[in-house]
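Residue-level structure breakdown
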Amino acid sequence: MTNKVNDQSGSNNSRSDRSFYDEPIKAVRLRHPWRIFSAALLVLWVIAFLTDAAGREAYDWNAYGEYVFDPRILKATIITLQLTAYSMLIAISLGVILAVLRQSPNPVFKAVSWVFIWVFRGTPVYVQLVFWGLLSTIYPTLFFGAPFGGPGFSIDISHSSSLFWIAVVGLGLNEAAYMAEIVRAGLLSVDEGQEEAAKALGMKWWATMRHIIIPQAMRIIIPPTGNEVISMLKTTSLVTAVPVSSDLYTRSRDISAETFNPIPMLLIASTWYLLITTILMVAQYFLEKRFARGHAQIAYGADPKIIGEGA
Amino acid sequence: MSTPMVHADRVRKSFGTHEVLKDISLSVNKGEVMCLIGPSGSGKSTFLRCINHLEEVNAGRLYVDGVLVGYREVNNKLHELKASDAAHQRSDIGMVFQKFNLFPHLTALENVIAAPTIVKKIDKDVATKKGKELLERVGLSSKMEHYPAHLSGGQQQRVAIARALAMEPKLMLFDEPTSALDPELVGEVLDVMKTLAKTGMTMIVVTHEMGFAREVADSMVFMDDGRVIETGTPDSVLLSPQNERTKSFLSKVL
């Protein structure tokens, strides 16, 4: 091979032959025998595991098939989705409020936000959920209103029917602390000149936030928020601490307590969690694309030649 | 004699203990183009930012078109303006920044029509029609759908000028509009500004472009260390400066 290359350059020694430069280089590719070998080995291992798993009795694939679309499992999946959606709704709204309070020039607002984040991020979510479950033994009714007996309204939380909502609030409050930090990072990522330009055009604070700052912050906020939603979907399996037993994981454990066959039920629960996660990942991809406008050529590899095109 | 467009009366401004503006008094008449020159750190940009209340004045009075900036004066006592009133005050003062500060998530046209539709609540079709005319005026009719990242610096600054003009300002402030540009792109921005000056727009321009200043400006102010050192026509300031500091500055930049 080396000889041939030498021959060619030798015969074109004058370098006046343009084809020497114009022709694309055709070189023999470097081989990676170890890479191919280890990849093949990996594939073989996976195949061996799958064929073994397909025949292994303990997985009990018949039971898997029997229960995977069981109405109780489907209902529990819906409950898990509701827990995720409602608690994320609380977390995102409260997170935005906490992030804004944190930026406020008022020291009281700043401190309240800081302490909230400190407490809810500093204790385990499982412990928090157990605590919220016991809340009704401390406060049988919750009063919302002005302090020292001013106007307001009370909610009785001692019924077992309120446990679902206690779980939602418990998960939401914990997550809000994380969302606050994500939102804050997003707001801080927007260049100061943007707020200034909007101000100079006569936009008020809220208009500036809504039309200029938040749309740009979203590009930074959405990817970690997507991760938080996926993470929340899985964290809902801890609501058994409250205790709520209608979610996907707890319900599938309950069924296996009747059938004495836990492994297929765990596989079923995992299947549904994985399916929802996959759907969420697709949704996240499209959301990120939507909010990357103006940055699209960087994030999504569109034709970079358009940059710096003349007038 | 009509009210001046901008009237500064013994304006002072400090950041902490550092006094950036020390006793600035000057007037800009309607239709006048004034160029502010001076070494960096002399307070030119800060003064410009005080005019549309992006910075608060610490002492003295600043009037735009006869109206006190940032405050209401009742019985010799100043009251801070509500944020919404301050925003309203800014809406007819256009500002062009050194770093353009275009909204990167909006196209050139969307940048131009954002403020008219959001602040003035002008119908989107009407604003779009006017926005297109403005972009044509700055020579960017083929770039309306481009995002800022797809435009050169000169093109971005021209969009920024169109964006400011879309609010139909009575006064335009330019804060070193060509300082962040590659040398070959400076001309296209200055051309747009020259055309604008010819339409009778009142302009205050912080700049280092002495050629532009001589050609376009009606008056020139040299600032140093937070004070107005010398005022006059561009020719008198540039060609026969009276003050030693002006002379020494000009000897470095010309």
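Residues numbered from 1 in each chain as written. Chains lettered and ligands numbered in written order. Predicted model: local features only at pLDDT ≥ 70, side-chain atom pairs only at ≥ 80, totals over all residues. Heavy atoms only, no water.

In plain terms, the rule: UniProt positions are given in the numbering used here, feature names are shortened, and annotations may be inferred rather than shown by experiment.
In its Sequence similarities (unreviewed entry) section, the UniProt entry covering chain B states "Belongs to the ABC transporter superfamily."

UniProt, in the comment section headed Subcellular location (unreviewed entry), describes chain A in these words: "Cell membrane".

Concerning the overall build of chain A
The criterion, for reference: Each helix is a run of H or I in the DSSP string that is no shorter than four residues. Each strand is a run of E no shorter than two, and both are numbered from the N terminus. A 1.4 Å probe rolled over the protein chains alone gives each residue an accessible area, and that area as a share of the maximum for its type sets the label: buried under 20%, exposed over 50%, partly exposed in between. A contact between two residues is defined here by any heavy atoms of the two lying within 4.5 Å. Methods summary: accessible areas were calculated by the Shrake-Rupley approach with a probe of 1.4 Å, and residue burial reflects only the protein chains presented.
Each helix and strand counted, chain A has 14 helices and two strands in total. Taking all 311 residues of chain A together, the buried fraction comes to 33%. Long-range contacts, defined as pairs at least 24 residues apart, comprise 69% of the intrachain contacts of chain A with a sequence gap of at least 6. Approximately 19,800 Å² of chain A is accessible, and the part contributed by carbon and sulfur atoms is 66%.

Concerning the UniProt feature "domain: ABC transporter" (unreviewed entry) in chain B
The UniProt feature table records "domain: ABC transporter" (unreviewed entry) at residues 6-250 of chain B. In residues 6-250 of chain B, the share of helix is 37% and the share of strand is 28%. The end C-alpha atoms are 26 Å apart.

So, the UniProt feature "domain: ABC transmembrane type-1" (unreviewed entry) in chain A
Feature annotation in UniProt assigns "domain: ABC transmembrane type-1" (unreviewed entry) to the following positions: residues 77-284 of chain A. The distance from the first to the last C-alpha atom of residues 77-284 of chain A is 20 Å, and the span holds 76% helix and 5% strand.

Considering the pairing of strand β3 (residues 33-37) of chain B
Consecutive side chains of a regular strand alternate in pointing toward one face of the sheet and then the other. Residues and elements named next belong to chain B. How we decide: DSSP calls a pair of strands paired once it identifies at least 2 bridges connecting them.
Within β3, five of the five residues are buried, which leaves the element mostly enclosed by the surrounding structure. Burial of β3 is two-sided: the residues Val33, Cys35 and Ile37 facing one way and the residues Met34 and Leu36 facing the other way are all buried. For β3 and strand β10 (residues 202-206), the ladder comprises four bridges, and the chain directions are parallel. Bridge assignment links Met34 to a residue of β10, and that residue is Ile204. Here four bridges tie β3 to strand β11 (residues 219-224), and the two strands are oriented parallel to one another. Paired with Leu36 across the two strands is Val221, which belongs to β11.

Comments concerning the UniProt feature "transmembrane region" (unreviewed entry) in chain A
UniProt records the feature "transmembrane region" (unreviewed entry) for residues 36-56, 76-101 and 263-287 of chain A in the present numbering. For residues 76-101 of chain A, the helix share is 100%, the strand share is 0%, and the end-to-end C-alpha distance is 37 Å.

Here's the deal with the pattern of salt bridges
What counts is decided by this rule: We define a salt bridge as a contact between a side-chain nitrogen of Lys or Arg and a carboxyl oxygen of Asp or Glu at a distance within 4 Å.
Scanning the entire structure with this criterion turns up 26 salt bridges over all chains. Its salt-bridge partner being Glu181 of chain A, residue Arg184 of chain A comes within 3.6 Å of it at the nearest N-O pair. One end of the pair is Arg184 of chain A and the other is Glu181 of chain A, both in helix α9 (residues 163-189) and three residues apart, which spans about a single turn. We classify Arg184 of chain A as partly exposed; its relative accessible area is 22%. The partner of Arg12 of chain B in a salt bridge is Glu19 of chain B, with the nearest N and O atoms 3.1 Å apart. A relative accessible area of 30% places Arg12 of chain B in the partly exposed class. Salt bridges sharing common partners tie together Arg102, Arg121, Glu181 and Arg184 of chain A.

Here's the deal with a positive patch on the surface
Using the following cut-off: The patch calculation keeps residues exceeding 30% relative accessible area without a salt bridge and links them within 9 Å when they carry like charges or within 5 Å when they are nonpolar (Val, Leu, Ile, Met, Phe, Trp, Tyr). All tallies of charge rest on Lys and Arg as positive and Asp and Glu as negative; His and the ends of each chain are not included. The location of each charge is read from NZ of Lys, CZ of Arg, CG of Asp or CD of Glu.
On the surface, a cluster of positive charge is contributed by Lys204 and Arg210 of chain A together with Arg72, Lys82 and Lys121 of chain B. Looking at the secondary structure, you find Lys204 of chain A in the loop between α10 (192-200) and α11 (205-235).

As for the sheet that holds strand β4 (residues 59-64) of chain B
Strand order across the open sheet formed by four strands is β2-β1-β4-β5 (chain B), with antiparallel pairing between neighbours. Whereas interior strands pair on both sides, the edge strands pair on one side only; in this sheet they are β2 (18-28) and β5 (67-68) of chain B.

With respect to the environment of Ala283 of chain A
All names here are of chain A. Within the secondary structure, Ala283 is located in helix α13 (residues 262-291). We classify Ala283 as partly exposed; its relative accessible area is 40%. Ala283 sits 57 residues away from Gly226 along the chain, and the two C-alpha atoms are 8.8 Å apart.

Points about the interface of chain A and chain B
Keep this limit in mind: Two parts lose some accessible area (1.4 Å probe) when they are put together, and adding that loss for both gives the buried area. By the criterion applied in these results, polar contacts are pairs of N or O atoms within 3.5 Å in which, for protein atoms, one can donate a hydrogen and the other can accept it, and in which residues neighboring in sequence qualify only through two side-chain atoms. Residues are grouped as follows: Ala, Val, Leu, Ile, Met, Phe, Trp, Tyr, Cys and Pro are nonpolar; Asp, Glu, Lys and Arg are charged; every other residue, Gly included, is polar.
Contact with chain A, which involves 27 residues of that partner, is made by 29 residues of chain B. With both chains or domains summed, chain A and chain B bury close to 2,500 Å², and 61% of this area falls on carbon and sulfur atoms. Summed over the shared surface of chain A and chain B, the number is one salt bridge. Between Glu196 of chain A and Arg49 of chain B there is a salt bridge; the shortest N-O distance is 2.8 Å. Taken together, the connections running from chain A to chain B amount to five residue pairs in polar contact (both at pLDDT 80 or more). When contributions to the side of chain A that touches chain B are tallied by element, the ones reaching two or more residues are α10 and α11 of chain A. Counting residues per element, the side of chain A that touches chain B draws most heavily on α10 of chain A, which supplies seven residues. In the side of chain A that touches chain B, the residues fall into 11 nonpolar, 10 polar and six charged.

Things to note about the nonpolar core
Here is the rule we go by: What we call a nonpolar core is a set of buried Ala, Val, Leu, Ile, Met, Phe, Trp, Tyr and Cys residues that are connected through their side-chain atoms within 4.5 Å.
By size, the foremost hydrophobic cluster in this structure holds 79 residues, and its most contacted members are Met203 of chain A together with Phe47, Ile51, Leu62, Leu171 and Ile204 of chain B. Element by element, the count of residues in this core is highest for α9 of chain A, at 14 residues. Non-local contacts of Met203 of chain A, meaning those with residues more than four positions away in its chain, are made with Ala198, Thr208 and Ile212 of chain A together with Ala87, Phe103, Ala114, Ala115, Ile118 and Val119 of chain B. In this structure, Leu109, Val138, Phe222 and Phe249 of chain B belong to the second largest nonpolar core, which totals 50 residues.

Section: a nonpolar patch on the surface
On the surface, a nonpolar cluster with roughly 640 Å² of combined accessible area is contributed by Trp34, Phe37, Leu41, Leu42 and Trp45 of chain A. Structurally, the position occupied by Leu42 of chain A is in helix α3 (residues 33-55).

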